[in-house]
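Topology and contacts: notes
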Amino acid sequence: MQITIEVLRRENAESAPHWERFSCEADSSATVMTALIDRNAQLAAEGKPVIAYECSCLQKKCGACAMVVNGRPCLACDAKLLDVQKKGVILVEPLRKFPVIADLIVDRHILYENLKALHIWLESECIADGKQAELAYEASRCLQCGCCLEVCPNFCPGDTFFGMAAFVPTARLLSELPPSELGQLRRVYRKHIYEGCGKSLSCRNICPAGLDIDKLLVNSHAVAIWKRK
Amino acid sequence: MQIVNIVGAGLAGLSAAITLAKTGIKSRLISLQPSERAQSVLAEGGINAALDTMGEHDTPENHFADTLRGGVYLADPNAVENLTYHAPEVLRWLEKLGVPFNRTPEDIALRNFGGQKLKRTAYAKSSTGKIIMHALIDEARKCERSGLIDRMPHHEFLRLLTHEDTCIGVRVRDRYSGKLYDLHGTVLLCSGGMNGIFPGMTTGTTQNSGDVTATVFAQGVCLGNLEMLQYHPTTIGIAGKRCLVTEAARGEGGRLYIERSGEKYFFMEDKYPELGNLMPRDVVARTMYFIRREPDTGDQVYLDMTGLPENAWKNKLSDLRQELMHYLAIDPKKAPIPVQEGIHYFMGGMDTDEEHRTSLQHLYAAGECTCQYHGANRLGGNSMLGALYGGRRAAETILFDKPLDACQVQIVEGEEPLAEPASPAWIAQVSQILLGGLGIVRNEAQLTAALDALYALRPQNPREENRLHLAEAMLRSALERRESRGAHYREDYPEKQEAFRKMTLAEYNGSVRISFRALPERRHHADHN
Ligand SMILES: Cc1cc2nc3c(=O)[nH]c(=O)nc-3n(C[C@H](O)[C@H](O)[C@H](O)COP(=O)(O)OP(=O)(O)OC[C@H]3O[C@@H](n4cnc5c(N)ncnc54)[C@H](O)[C@@H]3O)c2cc1C
Ligand code: SF4
Ligand code: SF4
Ligand code: FES
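All values reported here derive from a predicted model rather than from experimental measurement.

What follows concerns the site of ligand 3. As a matter of local geometry, ligand 3 sits amid Cys142(A), Leu143(A), Gln144(A), Cys145(A), Gly146(A), Cys147(A), Cys148(A), Ala165(A), Val168(A), Cys207(A), Pro208(A) and Leu211(A). Contributions of two or more residues to the shell around ligand 3 are made by α5 (147–151) and α6 (164–176) of chain A.

Listed below in structure tokens is the structure:
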């Protein structure tokens with residue numbers, strides 16, 4: 001099938017964005033990411049500026065390629081052209097909650113800053129008994145892609161509320177730390193996660209890692225807010 | 001002030017940075033993209049250590065012997081001894097960092113992996129790399145907070161800064177601002193494998209372009225065993241790459257077969273009754289290559305996991321099943337899946353001594369970018385270990401040697417020719433030529449034809465030129481190893497030759513030079529026990 005892809009391009013943060021169109025032939029496996037890779041080979045051969053984007057694993061395991069495709073945040077390497085096209089057209093834009101660097105690259109460093117502010121690390125050694133392994137495993141799967149923040153009505157970079165991308169890694173610590181070491185984490189959890197979340201769960205169906213956010217929330221709230229541990 | 005510039009933020013880079021931070025030495029963790037996106041997060045099946053938690057009387061000495069044998073005696077035995085004897089300690093450290101490994105009721109559970117008779121591979125379902133990386137990143141964040149790690153997650157390595165045969169720092173480009181910086185201080189390269197030499201043909205990440213290896217080679221750093229490419233037996237083609245089907249699938253009981261005279265022929269079990277489907281990867285890949293070419297067999301090999309117990313799907317391979325259903329629309333619980341060999345790992349890379357020093361003073365290397373530990377063929381589960389332990393060991397060596405007393409950051413004005421990338425068309429051309437010579441089965445005619453084709457190319461910029469030298473070194477290493485060993489199989493020299501039990505060394509000094517270096521003998525090792 002012939003697909004038209006429109007990419008919202010801009011040379012850098014200051015320049016005005018414009019749509020650039022190209023078309024490509026889509027087979028059943030081609031994704032937005034492979035279309036961009038092929039397009040760049042073409043642009044490079046023609047001596048034109050290539051489209052700036054980030055990608056790494058090409059198999060939805062690293063979160064690098066998060067962008068907005070036909071209005072929905074997703075991983076470009078997981079967006080099959082035939083599945084996401086609407087009447088043969090696909091609009092590709094950078095994530096909107098983060099500052100644009102160029103074309104489809106955004107600066108997501110706020111994700112890491114928030115985790116630093118929450119003190120997401122173990123101060124002492126974890127004593128593994130395997131009881132919480134399932135929760136810790138699930139929480140460790142977060143890609144830090146930012147798709148959940150993109151759809152969250154309450155998240156705005158720089159605000160007190162840090163969103164799901166900060167919550168999920170916190171859930172690992174809540175599952176692994178002994179109750180005696182939870183004091184500080186409970187405080188920041190309440191302030192930066194629990195109190196800001198409107199529980200609309202818009203983020204639930206968007207997570208490309210398919211994280212079981214409900215389950216993690218129930219457990220983490222129990223530990224951090226209701227002090228059941 | 002002392003500062004160590006670590007290029008690469010995967011398992012090796014993180015492990016090194018954390019080790020340095022523990023002694024109060026600061027590092028810059030330079031990478032194209034954040035750790036969360038490094039290839040290390042893709043590792044699936046597990047990590048090896050003779051923890052002996054499964055009642056099989058495993059020992060580090062067994063792990064040592066399997067690693068050396070798996071690599072067909074082309075690895076430095078003293079380095080391998082360090083690796084395998086310290087492996088249990090590395091695993092216990094990860095446990096303390098909260099890595100949720102699968103467990104038996106008492107301890108870390110271990111699974112079977114290729115080339116090893118005993119259960120020795122610790123795992124977190126089949127996302128082990130991601131889960132370990134998550135814990136390491138958390139640990140690194142703690143050091144970041146105390147100012148001992150400076151994460152530089154969107155910076156590209158351009159070249160080493162050198163002064164009279166000594167490395168004094170690195171030149172990097174901020175991918176976001178486009179600015180160039182010279183970062184002074186000792187350098188540790190942890191830049192991963194060379195996937196980008198074969199774009200679209202490997203199981204790894206697009207980030208590891210091979211440019212770091214190509215550049216430092218052109219700058220005089222010696223490389224070793226470049227002919228040793230690991231083809232993984234079980235990969236599937238997905239958009240833009242080969243996707244790995246982890247060896248754990250076979251570790252948990254998956255079986256390879258091909259159709260022969262209308263029946264399923266489980267060729268690995270027939271040919272290698274002892275280890276069967278879990279022979280080292282080079283053997284499995286080569287057997288698949290030849291079995292497809294027999295007159296009475298089909299041309300597709302299948303991986304049959306339909307006999308796996310329910311427990312394996314539920315607790316150990318649930319993520320693999322999801323992945324296969326997603327990409328192939330086949331439920332591996334119900335039907336076999338078609339698989340093919342794909343480039344997966346680079347045993348060759350920067351040449352280091354046992355302590356991770358490269359040929360250039362004040363330059364160190366660890367992880368997949370080196371040729372350390374794995375010889376002619378890497379065992380599954382040994383590379384995460386090699387990266388974690390190697391990163392730590394390199395950091396310890398840097399501490400022992402004392403890091404350079406330099407830390408300045410200089411903004412570079414003006415042009416840097418190496419900032420211009422190689423063109424995709426050029427890369428594709430070189431890749432095609434290399435594949436013509438460096439297949440699973442090789443011969444002199446193909447290798448010389450590939451070299452001739454390579455010599456006819458005209459690079460357009462310095463990066464293309466560097467890649468050309470690297471490609472030449474790969475082909476000539478393969479040409480000059482006139483024997484078959486591990487991943488390097490020459491149909492014109494099908495036997496292993498004792499005279500070639502030597503490391504292939506590649507050097508560049510205006511032209512590429514290939515030589516062979518004898519391996520050290522194993523020292524006495526009683527002090528480990
Ligand atoms: C699909 C898959 C499954 C695997 N499964 C297993 C397994 O089960 N067990 C096992 O032991 N091994 C496994 N491996 C191998 C293992 O994952 C890797 O060998 C190991 O993670 C390498 O770690 P590393 O730190 O050396 O490099 P990487 O994790 O590749 O990190 C390289 C770093 O270098 C940086 N870098 C690269 N180029 C530049 C540049 N020009 N400028 C700046 N930075 C740069 C990157 O950004 C990255 O941070 C698997 C590999 C793959 C692909
Ligand atoms: S539940 Fe709603 S408010 Fe809370 S993080 Fe998700 S999208 Fe945001
Ligand atoms: S919770 Fe899901 S959507 Fe949010 S950052 Fe993590 S992986 Fe991405
Ligand atoms: S490139 Fe890794 S998630 Fe898309």
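Moving on from the coordinates now.
Turning next to the sheet that holds strand β18 (residues 349–350) of chain B. All names here are of chain B. Spatially, the four strands line up as an open sheet ordered β18-β11-β21-β22, and their pairing is antiparallel. A single partner strand is all that each edge strand has here, and the edge strands are β18 and β22 (512–518). Direction of pairing for strand β11 (residues 223–224) relative to strand β21 (residues 502–508): antiparallel, over a ladder of two bridges. Across the sheet, residue glycine 224 finds its bridge partner in β21, namely leucine 505. Relative to β21, helix α5 (residues 211–218) is tilted by about 75 degrees, and along the sheet it contacts β11, β18, β21 and β22. The sheet strands contacting helix α14 (residues 462–480) are β11, β21 and β22, and the helix crosses β22 at an angle near 45 degrees.

This brings us to the pairing of strand β10 (residues 186–189) of chain B. All names here are of chain B. On β10, burial covers both faces: Thr186 and Leu188 on one face and Val187 and Leu189 on the other are all buried. Sheet topology note: the strand β1 (residues 3–7)/β10 ladder contains four bridges and is parallel. When the sheet's bridge partners are listed, valine 4 is paired in β10 with threonine 186. Pairing of β10 with strand β19 (residues 363–365), which is carried by three bridges, proceeds in the parallel orientation. When the bridges of β19 are listed, leucine 189 appears paired with alanine 365.

On to the nonpolar core. Ranked by size, the top nonpolar core spans 81 residues in total, and within it Ile5(A), Val32(A), Met33(A), Leu36(A), Leu81(A), Phe167(A) and Tyr189(A) carry the most contacts. It is α6(A) that provides the largest number of residues to this core, a total of eight residues. Counting the residues that make up this core, at least three belong to each of domain 1 (2–106) and domain 2 (109–224) of chain A. With near-sequence residues (within four places) excluded, Phe167(A) lies in contact with Tyr189(A), Ile193(A), Ile213(A), Leu216(A), Leu217(A) and Ser220(A). Among the nonpolar cores identified, the runner-up in size contains 60 residues, and Cys369(B), Leu438(B), Val441(B) and Leu457(B) belong to it.

The next point concerns the interface of chain B and chain A. The interface of chain B with chain A comprises 45 residues on the first partner and 53 residues on the second. Of the roughly 4,100 Å² buried between chain B and chain A on both sides combined, carbon and sulfur atoms contribute 53%. If you sort the residues of chain B by the area they bury against chain A, Arg37(B), Arg141(B) and Tyr176(B) come out on top, with a joint share of 17%. Across the contact surface, chain B and chain A share six salt bridges. As a salt-bridge pair, Lys61(A) and Glu44(B) come within 2.8 Å of each other at their nearest N and O atoms. Our enumeration of links across chain B and chain A arrives at 30 residue pairs in polar contact (both at pLDDT 80 or more). The set of elements that each furnish at least two residues to the side of chain B that touches chain A consists of α3 (77–96), α4 (128–145), β13 (241–244) and α10 (318–328) of chain B. Taken together, the residues of the side of chain B that touches chain A sort by class into 15 nonpolar, eleven polar and 19 charged.

Before going further, it helps to examine helix α12 (residues 424–437) of chain B. Note that an α-helix has 3.6 residues per turn; residues three or four places apart therefore point the same way. All names here are of chain B. If you check α12, its first and last C-alpha atoms are 20 Å apart, about what 14 residues at 1.5 Å a residue would give, namely 20 Å. Taken as a whole, α12 has its buried residues at Trp426, Ile427, Val430, Ser431, Ile433, Leu434 and Gly437. End-on view of α12: buried residues confined to an arc of 165 degrees, all on one side of the axis. Turned more than 90 degrees from where α12 packs its buried face, Ala425 and Gln432 sit exposed. Buried residues in α12 make contact with α13 (444–455) and α14.

All names here are of chain B. Structurally, the position occupied by threonine 352 is in the loop between β18 and β19. Side-chain polar atoms of threonine 352 contact the side chain of glutamine 372, separated by 3.4 Å. Those residues within four positions of threonine 352 in sequence are excluded, and the remaining contacts are Arg357, Thr358, Ala365, Thr370 and Gln372.

What follows concerns the pairing of strand β9 (residues 180–184) of chain B. Residues and elements named next belong to chain B. Extensive coverage of β9 is indicated by the burial of five of its five residues. Burial along β9 is two-sided: Leu180, Asp182 and His184 and Tyr181 and Leu183, pointing in opposite directions, are all buried. Where strand β8 (residues 166–174) meets β9, five bridges bridge the pair, whose relative direction is antiparallel. In the sheet register, valine 170 faces β9, and the bridge partner there is leucine 183. Connecting β8 to the next strand, β9, in antiparallel fashion are five residues, including glycine 178 with a positive phi near 80 degrees. Alignment of β9 against strand β20 (residues 409–412), held across four bridges, turns out to be antiparallel. Its bridge partner lying in β20, tyrosine 181 is registered against isoleucine 411.

Accessible area lost upon the coming together of the parts serves often as the stated size of an interface. Residue and element names in this part refer to chain A. Here chain A is described as being made up of domain 1 (2–106) and domain 2 (109–224). A separation of 29 Å is found between the C-alpha centroids of domain 1 and domain 2. At the interface, 14 residues of domain 1 touch 15 residues of domain 2. Both sides together, the interface formed by domain 1 and domain 2 hides about 1,200 Å², and carbon and sulfur atoms give 63% of it. Taken together, the connections running from domain 1 to domain 2 amount to one salt bridge. Ionic pairing is found between arginine 96 and glutamate 150, a salt bridge with its closest N-O pair at 3.4 Å. One can count six residue pairs in polar contact (both at pLDDT 80 or more) joining domain 1 with domain 2. Of all the secondary-structure elements, those providing two or more residues to the side of domain 1 that touches domain 2 are β3 (66–69) and β4 (72–75). The biggest single contributor to the side of domain 1 that touches domain 2 is β4, with four residues. In terms of residue class, the side of domain 1 that touches domain 2 is built from eight nonpolar, one polar and five charged.

What counts, and where the lines are drawn
Residues numbered from 1 in each chain as written. Chains lettered and ligands numbered in written order. Predicted model: local features only at pLDDT ≥ 70, side-chain atom pairs only at ≥ 80, totals over all residues. Heavy atoms only, no water. Near = heavy atom within 4 Å. Helix = DSSP H or I, 4+ residues; strand = E, 2+ residues; numbered from the N terminus. Pairing = 2+ DSSP bridges. Contact = heavy atoms within 4.5 Å. Axes fitted to C-alpha atoms, helices over the stretch in contact; angles between N-to-C directions. Buried < 20%, exposed > 50% of the residue type's maximum accessible area, 1.4 Å probe, protein only. Core = buried A, V, L, I, M, F, W, Y, C linked by side-chain atoms within 4.5 Å. Domains from an automatic or database assignment. Buried area = accessible area lost by both parts, 1.4 Å probe. Salt bridge = Lys/Arg side-chain N within 4 Å of Asp/Glu carboxyl O. Polar contact = N/O pair within 3.5 Å; in protein donor to acceptor, adjacent residues only side chain to side chain. Nonpolar A, V, L, I, M, F, W, Y, C, P; charged D, E, K, R; others polar. Expected span 1.5 Å × (residues − 1). Arc of directions from axis to C-beta.

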